[in-house]
Amino acid sequence: MKVIATLNAGSSSIKFALYELLADGLRFDAGGKIEEIGTAPRLRARDAQGEAILERDWPQGSVLSHEHLLEDLFAWAAKQLGDREIVAIGHRIVHGGSDFYAPRLIDDPLLEALEALVPLAPLHQPHNLAAVRALRALAPNRPQIACFDTAFHHHLPPLATRLPLARTFHDQGLRRYGFHGLSYEYIARRLLDADPQHAGGRVIAAHLGNGASMCAMREGKSVDTTMGFTALDGLMMGTRAGALDPGVVLHLQTQMGMSPNEVETLLYRTSGLLGVSGISSDMRTLHASEAPEAAEAISLFVRQAVRQAAALIPSLGGLDGLVFTAGIGENDAVIRARICEGLSWAGVALDPEANSANAAVISTQESKVRVRVIPTDEEAVIAHHVTDLISSERSTSK
Ligand code: ADP
């Protein structure tokens with residue numbers, strides 16, 4: 001029996017999954033997440049029935065590297081699989097730049113080219129690539145395949161890719177790319193299942209996790225998105241400011257003496273919910289806090305989300321659907337309600353009971369905009385791409 005493995009390695013977490021490759025498609029076998037890498041890592045895995053099959057904690061694990069944890073994970077996967085064999089490993093790679101969008105077998109030149117994009121995604125790309133290297137050492141003969149988070153936005157209308165700068169910069173790759181594409185691809189497929197003719201029509205998908213963005217989709221295709229050249233733009237996030245007057249960045253450097261590295265740390269790691277609250281980047285922790293700063297951070301998160309959603313509507317020419325996904329989008333009824341209230345003028349009417357229950361459709365019957373909650377599954381998208389790539393390679397090498 002053949003198995004596809006997927007890895008989504010971030011700065012403080014590694015998500016993974018194993019899928020059996022059957023004659024009629026893929027079957028999820030097991031998967032999970034290592035969280036809190038760098039402080040007290042914990043590993044949780046579940047099987048296809050959702051039963052917990054592995055729980056491991058490293059309370060004193062602040063020094064454990066990603067490589068060490070991947071080695072442990074790989075050893076567990078080998079045990080879990082028995083005589084079944086991993087035939088390929090798919091990775092989420094956050095930035096593919098202008099040149100890479102279709103899923104691709106990772107070789108040395110590709111690795112080098114992706115390395116050059118690290119400055120455009122310093123929070124993610126180094127960890128994505130470190131996982132590729134670690135897996136190469138652990139399983140040298142296993143094909144590894146890159147699936148890009150920028151790919152879903154590759155066919156954005158040309159104007160949506162432009163930054164309002166001199167043309168020469170665009171020609172040098174300074175353009176809007178967009179991210180969270182694997183998640184949006186999953187949402188687009190699910191919308192297609194729900195509404196085969198129109199894939200939900202003119203839809204805004206809101207991926208609200210630690211990283212947060214929105215994608216304007218028309219019939220399942222990205223026509224605009226809130227993240228741009230890097231994953232810093234758009235919504236306020238756990239530790240990222242989101243859209244910010246560029247004059248602030250100049251001021252920090254020229255008037256306050258901050259170095260480029262310090263500004264990078266500020267923009268990627270210590271702003272957003274964490275910066276405004278001074279308490280936490282985690283939405284649950286902020287809800288639980290009574291500090292006025294926590295409430296203000298939440299209110300600013302909602303305000304920015306509403307503004308960004310509103311700014312996407314002209315790209316769609318109206319709004320038929322709104323989808324919430326990722327940690328906050330899938331679970332946080334309060335945030336969903338507040339964002340929907342901010343969009344009531346656009347025809348969004350929420351059903352409070354359905355919303356509290358995290359139902360699949362949370363808008364009222366009368367709502368002009370159909371509001372859905374769709375749990376995302378980036379791992380499934382990666383596994384499908386890997387399967388398609390290895391089967392097309394097999395058929396061309398026949
Ligand atoms: P990542 O971008 O790291 O994949 P997630 O999609 O897991 O992040 O989202 C993390 C965010 O989701 C955190 O702010 C967390 O507090 C929030 N979250 C997760 N579960 C819940 C929940 N049940 N209620 C409210 N917020 C939640």
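These numbers were taken from a predicted model, which means no experiment stands behind them. (Residues numbered from 1 in each chain as written. Predicted model: local features only at pLDDT ≥ 70, side-chain atom pairs only at ≥ 80, totals over all residues. Heavy atoms only, no water.)

Participant: Is there a simple way to think about the overall build of the protein chain in this case?
Facilitator: When helices and strands are tallied, the protein chain shows 15 helices and 13 strands. By the compact-globule yardstick of 21 Å for 398 residues, the protein chain fits well, its C-alpha radius of gyration being 21 Å. Considered along the principal axes of its C-alpha atoms, the protein chain spans approximately 55 × 55 × 50 Å. Here the protein chain holds 398 residues, and 51% of them are scored as buried. (Helix = DSSP H or I, 4+ residues; strand = E, 2+ residues; numbered from the N terminus. Rg over C-alpha atoms; globule rule 2.2 N^0.38 Å. Buried < 20%, exposed > 50% of the residue type's maximum accessible area, 1.4 Å probe, protein only.)

Participant: What is the right way to read the pairing of strand 1 (residues 2–9) from this model?
Facilitator: Two faces belong to every sheet, and in a regular strand the side chains alternate between them. The buried count for strand 1 comes to seven of eight residues, which makes it a mostly enclosed element. In this sheet, strand 6 (residues 85–93) lies alongside strand 1 in parallel orientation, the contact comprising six bridges. Note on strand 6: the bridge partner recorded for L7 is H91. Between strand 1 and strand 2 (residues 14–22), which pair antiparallel and follow one another directly, the connecting turn spans four residues. (Pairing = 2+ DSSP bridges.)

Participant: Which parts of the structure should I look at to understand the sheet that holds strand 6?
Facilitator: Whether parallel or antiparallel, the strands of a sheet pair through hydrogen bonds between backbone atoms. What the eight strands build is an open sheet, ordered 5-4-3-2-1-6-8-7; its pairing is mixed. Edge positions in the open sheet fall to strand 5 (52–57) and strand 7 (104–105), since each of these has one partner strand only. By the bridge criterion, two bridges tie strand 7 to strand 8 (residues 144–148) in an arrangement that is antiparallel. Its bridge partner lying in strand 8, L105 is registered against I145. On top of the sheet, helix 3 (residues 125–138) reaches strand 1, strand 6 and strand 8; it is set at about 165° to strand 6, its chief contact. (Contact = heavy atoms within 4.5 Å. Axes fitted to C-alpha atoms, helices over the stretch in contact; angles between N-to-C directions.)

Participant: Looking at this structure, how should I read the state of the cysteines?
Facilitator: What the rule picks out here adds up to zero disulfides. Here C147 is not disulfide-linked; the sulfur of C215 is the nearest cysteine sulfur, at 18 Å. Residue C215 stays outside any disulfide, its sulfur separated by 17 Å from that of C340, the closest cysteine. Among the residues examined, C215 registers a relative accessible area of 0% and is labelled buried. (Disulfide = S-S within 2.5 Å.)

Participant: Whenever I open this one, helix 3 confuses me. Can you help?
Facilitator: In an α-helix, one full turn covers 3.6 residues, which means residues spaced three or four apart are oriented alike. The terminal C-alpha atoms of helix 3 lie 20 Å apart, and with 14 residues this matches the ideal 20 Å at 1.5 Å per residue to within 8%. Packed against the buried residues of helix 3 are strand 1, helix 1 (66–81), strand 6, helix 2 (108–115) and strand 8. (Expected span 1.5 Å × (residues − 1).)

Participant: Could you clarify how one ought to interpret the packing of helix 1 against helix 3 in this entry?
Facilitator: Helix packing for two helices is described by the angle between their axes and how far apart those axes are. Where helix 1 contacts helix 3, the axes come no closer than 10 Å and their chain directions differ by 50°. Taken together, helix 1 and helix 3 sit at an angle that is classed as oblique. Both helix 1 and helix 3 take part in a crossing whose hand is right-handed. Facing H66, E67, L70, E71 and F74 of helix 1, the residues of helix 3 in contact are H127, A130, A131, A134, L135 and L138. Grouping the constituent residues of the contact of helix 1 with helix 3 by class yields seven nonpolar, two polar and two charged. (Parallel < 35°, antiparallel > 145°, perpendicular 65-115°, else oblique. Left-handed = near helix turned anticlockwise from the far one by under 90°. Nonpolar A, V, L, I, M, F, W, Y, C, P; charged D, E, K, R; others polar.)

Participant: Honestly, the site of the ligand in this entry has me stumped. Any pointers?
Facilitator: Around the ligand lies a shell of 13 residues, among which K15, N210, D282, M283 and G327 are the nearest. Here an oxygen atom of the ligand sits 2.9 Å away from a polar atom, N or O, in the main chain of G327. With respect to the ligand, the backbone of I328 contributes an N or O atom lying 3.3 Å from an oxygen atom. Protein chains bury 77% of the 570 Å² of accessible surface belonging to the ligand in isolation. Elements with a minimum of two residues in the shell around the ligand: helix 10 (283–288) and helix 12 (326–331). Considering every element that reaches the shell around the ligand, the biggest residue donor is helix 12, with four residues. Looking at the shell around the ligand residue by residue, the class counts come to three nonpolar, five polar and five charged. (Near = heavy atom within 4 Å. Polar contact = N/O pair within 3.5 Å; in protein donor to acceptor, adjacent residues only side chain to side chain. Areas by Shrake-Rupley, 256 points an atom, 1.4 Å probe, with all protein chains shown as cover.)

So yeah, pure geometry; function would need other evidence.
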